[in-house]
Amino acid sequence: MSTPVVHVALTDTPRVARELMLARGLRHLAVVDPDTGAVVGVLSDRDLADPQTPRHLGCRAHTVAELVRSCASVVRPEVDALTAVACMLATEADALIVVDRARKPLGIVTNHDLARLLTRIHHDPMAG
């Protein structure tokens with residue numbers, strides 16, 4: 001898990017999200033409810049850059065809410081790596097937002113994090 005997780009609000013514009021990703025060198029942002037701070041989904045760089053969809057930045061989307069992926073990409077911190085992988089596969093997600101009991105963001109697990117873990121385990125089976 002990488003921390004801290006960077007987030008945007010449902011009410012932010014896609015341009016704000018894109019600029020934040022570029023400034024921080026990120027591919028994913030947690031999306032939070034502006035009133036509660038609870039995670040409602042995840043936004044990827046592909047969600048902002050896909051020219052094949054009418055949601056493409058600059059076309060029709062006025063807020064992040066129009067682009068956000070569903071809450072299926074949320075897990076609790078006690079979830080093990082195999083369960084995280086199964087969740088990612090089941091939801092076709094490449095990132096999971098790790099949340100506390102109030103659904104506040106704690107961190108993010110990406111496909112790159114899991115690939116690094118597998119590499120460590122390959123080199124040192126006791127690392128898993």
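The structure displayed is predicted, hence computed values, not measured ones.

1. Structural notes on the sheet that holds strand 3 (residues 39-44)
Across the sheet, three strands lie side by side as 1-2-3; this open sheet has mixed pairing. Edge positions in the sheet fall to strand 1 (7-9) and strand 3, since each has one partner strand and no second. Along the sheet, successive strands turn relative to each other by an average axial angle of 35°, direction set aside. Judged from the three bridges that link them, strand 1 and strand 2 (residues 28-32) form a sheet pairing that is parallel. Within strand 2, the position partnered with V8 by the bridge is V31. Seen against the sheet, helix 1 (residues 14-24) touches strand 1, strand 2 and strand 3 and runs at an angle of roughly 140° to strand 2.

Procedures and definitions
Residues numbered from 1 in each chain as written. Predicted model: local features only at pLDDT ≥ 70, side-chain atom pairs only at ≥ 80, totals over all residues. Heavy atoms only, no water. Pairing = 2+ DSSP bridges. Helix = DSSP H or I, 4+ residues; strand = E, 2+ residues; numbered from the N terminus. Axes fitted to C-alpha atoms, helices over the stretch in contact; angles between N-to-C directions. Contact = heavy atoms within 4.5 Å.

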